[in-house]
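An overview of the molecular structure
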Amino acid sequence: MTIEQYGLAKTQIANYHQGEIWAVNNIYEAGLPSWDLEILLLRLQVKASLTLPILTGEKAWSWLCVHQCSQPRSWQESEIKLAQNIALQLGIAVQQMESVQELRQESEKLASVVEQAVGREKAVAAIINRIRRSLDLPTIFQTTACEVRQLLQCDRVAIFRFEPNSNYSDGEILSEDVVPPFPSTIALKVHDNCFGGQYASQYQQGRMQVIADIYAGG
């Protein structure tokens, strides 16, 4: 059933968002369109109607509809105020419910983030522990590449080493963990004339490079 079928004329619906109350003592004398009269009389058998918006903030969330079906009724000011107060309390209850739901959702998100963070901290600690238990560099590198790729759920983790005395211009991939069908970069040799002179000192100070999209990375 549509909102018009509860006795709300289409021209009045917008006014309810501003808190308007519609009190009709006798629908025969209310000047309603024939369609609204047909709905009220034949389907709902309404003779008198009191309709109030249930507001959440500045918008009408719903309506409180009070119908007298046995006969017309002259709504008293005290009755209108009573219904208005109930509609007000309903609006407050709805807002509180929505706020609680939002807080619950935020709490669940926060709990999930904390759980993921704790899980990652444990995983990192486990990786560090496995690294420390080995004295073999190739094993350490391979273990690290494998564990980090699984932890971050990415496609490839590689460890690159600069060639000694190359002034950070030459190097190769020492270890890697990659998922198919992506190609392996093991033993891939890289030469870059610019890196040693322009960027090496920055990375020695802890610089990181983070690129979300290499095609848009500039």
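Residues numbered from 1 in each chain as written. Predicted model: local features only at pLDDT ≥ 70, side-chain atom pairs only at ≥ 80, totals over all residues. Heavy atoms only, no water.

**Notes on the packing of aromatic side chains**
Short version of the rule: Geometry of aromatic contacts follows a simple scheme: Phe, Tyr and Trp rings, the Trp one being its six-membered ring, pair when their centres are within 6.5 Å, and the pair is stacked under 30 degrees between planes, edge-to-face over 60, tilted otherwise. Per-residue accessibility, obtained with a 1.4 Å probe over protein chains only, is compared with the maximum for each type, and a residue is labelled buried under 20%, exposed over 50%, and partly exposed between these values.
Enumeration over the complete set of coordinates arrives at 2 aromatic pairs. Pairing Phe160 with Phe162 gives two aromatic rings, centres 5.2 Å apart and planes at 90°, and the pair type is edge-to-face. Take Phe160: its relative accessible area is 33%, and that puts it in the partly exposed class. Residue class for Phe162 comes out partly exposed when judged on its relative accessible area of 30%.

**Re the packing of helix H3 (residues 77-132) against helix H4 (residues 137-152)**
Which entries qualify depends on this criterion: Working convention: axes come from line fits to C-alpha atoms, limited for helices to the stretch in contact. Angles between N-to-C directions cover 0 to 180 degrees. Each helix is a run of DSSP H or I of at least 4 residues and each strand a run of E of at least 2, with the numbering of both proceeding from the N terminus. For classification purposes, an angle smaller than 35 degrees is called roughly parallel, one larger than 145 roughly antiparallel, one from 65 to 115 roughly perpendicular, and anything else oblique. Whether two residues are in contact is decided by their heavy atoms, any of which lying within 4.5 Å being enough. Ten residues, namely Ala, Val, Leu, Ile, Met, Phe, Trp, Tyr, Cys and Pro, are considered nonpolar, four, namely Asp, Glu, Lys and Arg, are considered charged, and the remaining ones, Gly among them, are considered polar.
As a packed pair, H3 and H4 sit with axes 10 Å apart at the nearest point and diverge in direction by 170°. Our classification of the angle between H3 and H4 gives roughly antiparallel. Residues Arg120, Ala123, Val124, Ile127, Arg130 and Ile131 of H3 pack against Ile140, Thr143, Thr144, Glu147, Val148, Leu151 and Leu152 of H4. Here the residues of the contact of H3 with H4 are counted per class, giving 8 nonpolar, 2 polar and 3 charged.

**Notes on the side chain of Asn26**
Stated formally: What qualifies as a polar contact is a pair of N or O atoms within 3.5 Å, subject to a donor-acceptor requirement within protein and to the restriction that residues adjacent in sequence count only when both atoms come from side chains.
Relative to the helices and strands, Asn26 is located in the loop between strand S1 (22-24) and helix H2 (34-44). Residue classification places Asn26 among the buried residues on the basis of a relative accessible area of 16%. Polar contacts involving the side chain of Asn26 include one to the main-chain amide nitrogen of Tyr28, which spans 2.9 Å. Not counting the four nearest positions on each side in its chain, Asn26 is found in contact with Lys47 and Pro72.

**Notes on the pairing of strand S5 (residues 170-178)**
We count it as follows: Paired strands are those between which DSSP finds at least two bridges.
Pairing between strand S4 (residues 156-162) and S5: 7 bridges, direction antiparallel. Residue pairing across strands places Arg156 opposite Val178, the latter belonging to S5. Two elements, S5 and strand S6 (residues 189-191), share 3 bridges in a ladder whose sense is antiparallel. Following the sheet pairing, Glu172 is matched in S6 by Lys189.

**Concerning the UniProt feature "domain: Phytochrome chromophore attachment site" (unreviewed entry) in the chain**
For the record, the criterion: UniProt positions are given in the numbering used here, feature names are shortened, and annotations may be inferred rather than shown by experiment.
Under the UniProt annotation, the feature "domain: Phytochrome chromophore attachment site" (unreviewed entry) is placed at residues 41-89 and 136-165. Taken end to end, residues 136-165 has its terminal C-alpha atoms 24 Å apart, with 53% of it in helix and 23% in strand.

**Some points on the confidence of the model for the chain**
In plain terms, the rule: Per-residue confidence from the predictor is reported as pLDDT, a score between 0 and 100.
On average, residues of the chain score 79 in pLDDT, and 83% of them reach the 70 mark or higher. Taken together, the stretch residues 1-11 has pLDDT below 50 and engages in 24 contacts with residues farther than four places along the chain or on a different chain.

**Remarks on the environment of Gln89**
Its place among the elements puts Gln89 in helix H3. A sequence separation of 35 residues divides Gln89 from Ile54, and the C-alpha atoms of the two residues are 8.5 Å apart.

**Details of the sheet that holds S6**
Spatially, S4-S5-S6 is the arrangement adopted by the 3 strands of the open sheet, whose pairing is antiparallel. Two strands bound the open sheet, and with one partner strand each, they are S4 and S6. Pairs of neighbouring strands in the sheet enclose a mean axial angle of 35°, with direction left out of account. Of the strands in this sheet, S4 and S5 are in contact with H4, which crosses S5 at around 55°.

**Concerning the layout of surface pockets**
In plain terms, the rule: Every definition here rests on a 1 Å grid over the protein atoms only: cavities are sets of points where a 1.4 Å probe fits but cannot get out, pockets are open sets enclosed by protein on both sides within 12 Å along at least five of seven lines, and lining residues have some atom within 4 Å of a point. Grid points are joined across faces, edges and corners, and a volume is the space filled by probe spheres set on the points.
Estimates place the volume of the largest pocket at around 310 Å³. In terms of lining residues, the largest pocket is bounded by Phe160, Tyr203, Met208, Gln209, Ile211 and Ile214. Here the residues of the lining of the largest pocket are counted per class, giving 5 nonpolar, 1 polar and no charged. Estimates place the volume of the second largest pocket at around 210 Å³. At the level of elements, S4 and S5 are the ones that each hand at least two residues to the lining of the second largest pocket. With 4 residues, the single largest contributor to the lining of the second largest pocket is S4.

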